[in-house]
Amino acid sequence: MHLAVLGASGHGKVVADAAELLGWGSVTFFDDAWPTLKNNGPWAVDGDTTWLLDRITDFDGVIVAIGSNHIRAEKQKHLGDAGAKLATIVHPSAVISSHASLGEGVVVFGNAVVNACAVVGAGAIVNTGAVIEHDCIVGEFAHVSPNAALAGGVNLGREAWVGACASVRQLLTVGTGAVVGMGSVVTRNVPPGATVMGNPAKTLSP
Ligand SMILES: CC(C)(COP(=O)(O)OP(=O)(O)OC[C@H]1O[C@@H](n2cnc3c(N)ncnc32)[C@H](O)[C@@H]1OP(=O)(O)O)[C@@H](O)C(=O)NCCC(=O)NCCS
């Protein structure tokens, strides 16, 4: 089984590592910095997006490992439209309720938890140790960073980013494209596109 990973990033290394633990026989990176960039740690970078698109059917799975939520969304759409078999990578130590659902292109890293009736949209990242409680909706191409926690019933918008170790009170909405700073404690809804931080989280002044 051959996995192609688009995005030779640090995040990509964690995706590749999880894929190997899951039994993918080979992991090959692609990045638009190729041919200048030839390696991503122990893994080879074999081409750019164009190269990958030309050979898309050579791979049993393809995943985008780009930290920017918006660029990841664009690249995943491009690959999907070209006929890529989009993979979902769940680290073996993650705990996923059988009553939760994960969209295509989702990654869930080690020790993360996705509890009952949570819905994780396409291309979202549930990073190391993150907790997605029951009934949460994680929007497409959102990112829940390491050790962040969404309490029950939180609605996280498309392409929103919750920073490391932040926590969001139950039943709140974090709007599309919003950013929650690392370590924040979110006690009120966050408007689309806003950046909030601190305890209690306040909007970052422009
Ligand atoms: C919130 C965040 C996006 C702001 O980034 P930024 O717009 O570049 O802001 P700056 O670093 O210029 O900081 C602006 C001010 O906010 C403060 N600040 C930044 N992040 C903060 C946070 N999470 N909590 C409290 N204050 C914070 C800074 O100290 C600075 O204060 P000052 O003006 O008094 O010096 C960023 O700090 C953050 O938390 N990113 C998430 C990182 C993360 O979780 N990464 C995990 C990747 S897997």
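Note that this is a predicted model, so its numbers are computed, not measured.

**Some words on the overall build of the protein**
Step number 1: On a plain count of helices and strands, the protein comes out with three helices and 24 strands.
Step number 2: Compactness check: the protein gives a C-alpha radius of gyration of 17 Å against a globular reference of 17 Å for 206 residues, within 12% of the reference.
Step number 3: If one aligns the C-alpha atoms of the protein with their principal axes, the spans along those axes are about 45 × 40 × 30 Å.
Step number 4: Taking all 206 residues of the protein together, 48% fall into the buried category.
Step number 5: Residue pairs in contact within the protein that sit at least 24 positions apart in sequence constitute 26% of those at least 6 positions apart.
Step number 6: Carbon and sulfur atoms make up 56% of the accessible area of the protein, which amounts to about 9000 Å² in all.

**Regarding the domain arrangement of the protein**
Step number 1: Assigned domains of the protein: these are domain 1 (2-87) and domain 2 (90-192).
Step number 2: Put simply, the middle of domain 1 and the middle of domain 2, counted by C-alpha atoms, are 23 Å apart.
Step number 3: Contacts between domain 1 and domain 2 engage 14 residues on the former and 19 residues on the latter.
Step number 4: Carbon and sulfur atoms supply 61% of the area buried between domain 1 and domain 2, which totals about 1300 Å² over both sides.
Step number 5: The interface formed by domain 1 and domain 2 includes eight residue pairs in polar contact (both at pLDDT 80 or more).
Step number 6: Where the side of domain 1 that touches domain 2 is concerned, the elements lending two or more residues are helix H1 (10-21) and helix H3 (69-81).

**Structural notes on the packing of aromatic side chains**
Step number 1: Enumeration according to the criterion identifies three aromatic pairs in this entry.
Step number 2: Look at Phe30 and Phe59: their rings are 5.6 Å apart centre to centre, the planes differ by 85 degrees, and that puts the pair in the edge-to-face class. Within this pair, whereas Phe30 is found in strand S2 (residues 26-30), its partner Phe59 is found in the loop between helix H2 (49-54) and strand S5 (61-64), the two being separated by 29 residues in sequence. Each of the two residues, Phe30 as well as Phe59, counts as buried.
Step number 3: Arg55 extends its terminal NZ or CZ atom over the ring of Trp51, reaching a point 3.8 Å from the ring centre.

**Structural notes on the sheet that holds S5**
Step number 1: Across the sheet, three strands lie side by side as S2-S1-S5; this open sheet has parallel pairing. For this open sheet the edge positions go to S2 and S5, each flanked by a neighbour on one side alone. Averaged over neighbouring strand pairs, the angle between their axes works out to 20 degrees when direction is ignored.
Step number 2: The pairing of strand S1 (residues 2-6) with S2 spans five bridges and is classified as parallel.

**What about the environment of Leu171?**
Step number 1: With respect to the helices, strands and loops of the structure, Leu171 is situated in the loop between strand S19 (167-168) and strand S20 (173-174).
Step number 2: A residue is classified by how much of its surface remains accessible, and Leu171, at 66% relative accessible area, is exposed.
Step number 3: Spatially, the C-alpha atom of Leu171 lies 41 Å from that of Ser26, the residues being 145 residues apart in sequence.
Step number 4: When near neighbours in sequence (up to four residues on either side) are disregarded, Leu171 contacts Gly152, Gly153 and Val154.

Calculation rules
- Residues numbered from 1 in each chain as written.
- Predicted model: local features only at pLDDT ≥ 70, side-chain atom pairs only at ≥ 80, totals over all residues.
- Heavy atoms only, no water.
- Helix = DSSP H or I, 4+ residues; strand = E, 2+ residues; numbered from the N terminus.
- Rg over C-alpha atoms; globule rule 2.2 N^0.38 Å.
- Buried < 20%, exposed > 50% of the residue type's maximum accessible area, 1.4 Å probe, protein only.
- Contact = heavy atoms within 4.5 Å.
- Areas by Shrake-Rupley, 256 points an atom, 1.4 Å probe, with all protein chains shown as cover.
- Domains from an automatic or database assignment.
- Buried area = accessible area lost by both parts, 1.4 Å probe.
- Polar contact = N/O pair within 3.5 Å; in protein donor to acceptor, adjacent residues only side chain to side chain.
- Phe/Tyr/Trp six-rings, centres within 6.5 Å; stacked < 30°, edge-to-face > 60°.
- Lys NZ or Arg CZ within 6 Å of the ring centre and 35° of its normal.
- Pairing = 2+ DSSP bridges.
- Axes fitted to C-alpha atoms, helices over the stretch in contact; angles between N-to-C directions.

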